Amino acid sequence: GNPEYAGSATVLLRFGGREQRLHIPVMKDQYCQTPEKQGVLGCDAIRAFQWEVDPSVPSLTLRPLGTYPARKPLAIIPLRVTRDGYFANVKVRNVRTSVALLPGGSYVQAGPKLQHQWDLNSGKPLELDVKRFSSVRLFHFKGEDVVELAKDIRETDLTVALVGDPKHPDPAMVIDSGIGQCVLNRFVYCVDGSRGQLRIMARVPAPAPRPANATPAQPASHD
């Protein structure tokens with residue numbers, strides 16, 4: 001019930017060799033996760049570039065819009081580009097829907113409309129193990145519960161956040177469903193707003209499991 005924002009400000013942002021004057025919201029610290037305390041780059045700052053994320057390095061590569069890929073992508077997913085973000089039409093738990101790309105978010109995010117389509121709120125007993133974390137309900141995709149980006153790219157073992165109130169949806173909410181790092185960071189992916197494309201360039205190898213008896217490395221001593 002308290003305001004999340006302290007106000008707004010006009011800033012001069014130097015990013016990727018360009019200067020942009022942007023009008024930005026100023027969020028209160030108590031509503032930010034720790035990685036967000038210094039701010040978050042949004043669509044307004046990055047839409048002037050084609051951008052590619054490689055989580056295995058990790059790196060963010062900026063190129064001129066329209067740059068042709070150096071190698072053939074695994075898949076090309078059409079994007080709808082608006083002032084609010086980049087939106088892809090994908091299947092989430094067997095429901096085709098428009099979701100935002102949320103590279104700054106951790107989870108798959110499901111808003112009221114998508115929740116209704118899953119029939120999670122019909123009054124029937126839930127078949128999913130839904131847990132509450134603060135004001136957000138979380139559950140886990142596994143087995144045949146998948147996010148299908150393309151015909152041959154179907155991802156599971158994902159944490160999903162159920163956001164909003166399905167009985168009283170907020171009509172002012174622009175983005176309520178999206179895919180975050182748990183999906184995106186499994187790939188090297190490239191976003192080009194001028195072409196309206198999300199390109200899946202390569203799959204990032206899964207990290208090797210840590211041995212059960214591993215112990216942290218001790219710093220070398222210098223006498």
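Below is a summary of the structure that appears in this document. (Residues numbered from 1 in each chain as written. Predicted model: local features only at pLDDT ≥ 70, side-chain atom pairs only at ≥ 80, totals over all residues. Heavy atoms only, no water.)

**Re the overall build of the protein**
Logical step 1: Counting its secondary structure elements, the protein contains three helices and 16 strands.
Logical step 2: Residues classed as buried in the protein amount to 35% of the 223 residues present.
Logical step 3: Counting only carbon and sulfur atoms, one obtains 52% of the accessible surface of the protein, whose full area is about 14400 Å². (Helix = DSSP H or I, 4+ residues; strand = E, 2+ residues; numbered from the N terminus. Buried < 20%, exposed > 50% of the residue type's maximum accessible area, 1.4 Å probe, protein only. Areas by Shrake-Rupley, 256 points an atom, 1.4 Å probe, with all protein chains shown as cover.)

**Observations concerning the pairing of strand S1 (residues 5-15)**
Logical step 1: In this structure, S1 lies alongside strand S2 (residues 18-27), joined through 10 bridges in antiparallel fashion. In the sheet register, Thr 10 faces S2, and the bridge partner there is His 23.
Logical step 2: The antiparallel pairing of S1 with S2 creates a hairpin that spans two residues between the two strands, and Gly 16 there sits at a positive phi of about 65 degrees. (Pairing = 2+ DSSP bridges.)

**Observations concerning the packing of aromatic side chains**
Here a ring pair, both rings aromatic, is described through the centre-centre distance and the interplanar angle of the planes.
Logical step 1: One pass over the structure, following the stated rule, counts six aromatic pairs.
Logical step 2: With 5.7 Å between their ring centres and 85 degrees between their planes, Phe 15 and Phe 49 make a pair best called edge-to-face. Of this pair, Phe 15 sits in strand S1 while Phe 49 sits in the loop between helix H1 (43-46) and strand S3 (50-54), placing them 34 residues apart in sequence.
Logical step 3: Overall, the relative accessible area of 15% leaves Phe 15 in the buried class.
Logical step 4: Residue Phe 49 is classed as buried on the basis of its relative accessible area, which comes to 6%.
Logical step 5: A centroid spacing of 5.9 Å and a plane angle of 70 degrees characterise the contact between Trp 51 and Tyr 86, whose relative ring orientation is edge-to-face. (Phe/Tyr/Trp six-rings, centres within 6.5 Å; stacked < 30°, edge-to-face > 60°.)

**Quick notes on the environment of Pro 58**
Logical step 1: Checked against the element boundaries, Pro 58 lands in the loop between S3 and strand S4 (59-63).
Logical step 2: Distance from Pro 58 to Asn 185, taken between C-alpha atoms, is 9.9 Å for residues 127 residues apart in sequence.

**Structural notes on the nonpolar core**
Logical step 1: Counting residues in each nonpolar core, the largest one holds 38 residues, and the members touching the most others are Val 92, Trp 118, Val 147, Leu 149 and Ile 200.
Logical step 2: Of the residues forming this core, the biggest block, four residues, is contributed by strand S6 (residues 85-92).
Logical step 3: Sequence-distant contacts of Ile 200, that is, excluding residues within four places in its chain, are made with Pro 73, Leu 74, Ala 75, Ile 77, Leu 149, Ile 153, Phe 187, Val 188 and Tyr 189. (Core = buried A, V, L, I, M, F, W, Y, C linked by side-chain atoms within 4.5 Å. Contact = heavy atoms within 4.5 Å.)

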